[in-house]
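# Remarks on the overall topology
Each chain is listed here by its residues.
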Amino acid sequence: MTDFPPPVPRDDYDVPAPVPVDPWALDGVQRTRPPFNRTAIWGFVLACVGLIVFGFVGALATALCGRALRTIRRTGARGRGLAIAGMCIGLIDFVFYVIGRFYLG
């Protein structure tokens, strides 16, 4: 036959499931996520509205998103992606406005 010993019965099948790790809980202390920056939200909304309306709305959205980026960097709030997207959309909107206004008549 074989030289292996007989299997040993195990009673460690009642191991509890691992607890999911919360990325915001450091050292066991539950922390809340920082809030969104409202200026970034409004800048993004204005940039999206500027795609329909055109005009200086894109410039205003770009300015609001630039201000939001500075605030986010200082305070650590959320909304950096919204501010960057709003700034890009607002800049594109304003460039199209300038081209349409001064070059196309």
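Residues numbered from 1 in each chain as written. Predicted model: local features only at pLDDT ≥ 70, side-chain atom pairs only at ≥ 80, totals over all residues. Heavy atoms only, no water.

Let's shift gears to a positive patch on the surface. Taken together, the side chains of Arg-67, Arg-70, Arg-73 and Arg-80 present a region of like positive charge at the surface. If you trace the backbone, Arg-70 turns up in helix α2 (residues 57-75). Classification of Arg-70 as exposed rests on a relative accessible area of 53%. (Patch = residues over 30% accessible without salt bridge, like charges linked within 9 Å, V, L, I, M, F, W, Y side chains within 5 Å. Areas by Shrake-Rupley, 256 points an atom, 1.4 Å probe, with all protein chains shown as cover. Salt bridge = Lys/Arg side-chain N within 4 Å of Asp/Glu carboxyl O. Lys, Arg positive; Asp, Glu negative; His and termini not counted. Charge placed at Lys NZ, Arg CZ, Asp CG, Glu CD. Helix = DSSP H or I, 4+ residues; strand = E, 2+ residues; numbered from the N terminus. Buried < 20%, exposed > 50% of the residue type's maximum accessible area, 1.4 Å probe, protein only.)

The next point concerns the nonpolar core. Within the largest apolar cluster, six residues are counted, these being Ala-40, Cys-65, Ala-68, Leu-69, Ile-72 and Ala-83. Residues within four places of Ala-68 in sequence aside, it is in contact with Asn-37, Thr-39, Ala-40 and Ala-83. (Core = buried A, V, L, I, M, F, W, Y, C linked by side-chain atoms within 4.5 Å. Contact = heavy atoms within 4.5 Å.)

Moving on, we get to the packing of aromatic side chains. The full count for this structure, using the stated rule, is three aromatic pairs. Ring centres 5.7 Å apart and planes at 50° place the aromatic pair Phe-56 and Phe-94 in the tilted group. One end of the pair, Phe-56, is in the loop between α1 (38-53) and α2; the other, Phe-94, is in helix α3 (residues 80-103), and 38 residues separate them in sequence. For Phe-56, a relative accessible area of 55% puts it in the exposed group. The structure contains a cluster of three or more aromatic residues connected by ring pairs, namely Phe-56, Phe-94 and Tyr-97. (Phe/Tyr/Trp six-rings, centres within 6.5 Å; stacked < 30°, edge-to-face > 60°.)

Moving on: the confidence of the model for the protein. Confidence in the prediction for the protein averages 84 pLDDT; 75% of positions are at 70 or higher. Mean pLDDT in the protein bottoms out at α3, which sits at 93, and peaks at α2, which reaches 95. (pLDDT = per-residue confidence, 0-100.)

Two numbers describe how α1 lies on α2: the axes approach to 8 Å, and their chain directions differ by 160°. With respect to α2, the axis of α1 lies roughly antiparallel. For α1 against α2, the interelement crossing comes out left-handed. When α1 is examined against α2, the residues Thr-39, Ala-40, Gly-43, Phe-44, Leu-46, Ala-47 and Gly-50 are found in contact with a partner set consisting of Val-57, Leu-60, Ala-61, Leu-64, Cys-65, Ala-68 and Ile-72. Partitioned by chemical class, the residues of the contact of α1 with α2 number 11 nonpolar, three polar and no charged. (Axes fitted to C-alpha atoms, helices over the stretch in contact; angles between N-to-C directions. Parallel < 35°, antiparallel > 145°, perpendicular 65-115°, else oblique. Left-handed = near helix turned anticlockwise from the far one by under 90°. Nonpolar A, V, L, I, M, F, W, Y, C, P; charged D, E, K, R; others polar.)

Now for α2. In this model α2 runs 26 Å from its N-terminal to its C-terminal C-alpha over 19 residues, within 8% of the 27 Å that 1.5 Å per residue would give. Within α2 the residues assigned to the buried category are Gly-58, Ala-61, Thr-62, Cys-65, Gly-66, Ala-68, Leu-69 and Ile-72. In an axial view of α2, the angular spread of the buried residues amounts to 165°, which keeps them on one side of the axis. α2 presents Arg-67, Arg-70, Arg-74 and Thr-75 as exposed residues on the side facing more than 90 degrees away from its buried surface. For α2, the elements touching its buried residues are α1 and α3. In the stretch just after α2, Gly-76 is the one whose phi turns positive, near 80°. (Expected span 1.5 Å × (residues − 1). Arc of directions from axis to C-beta.)

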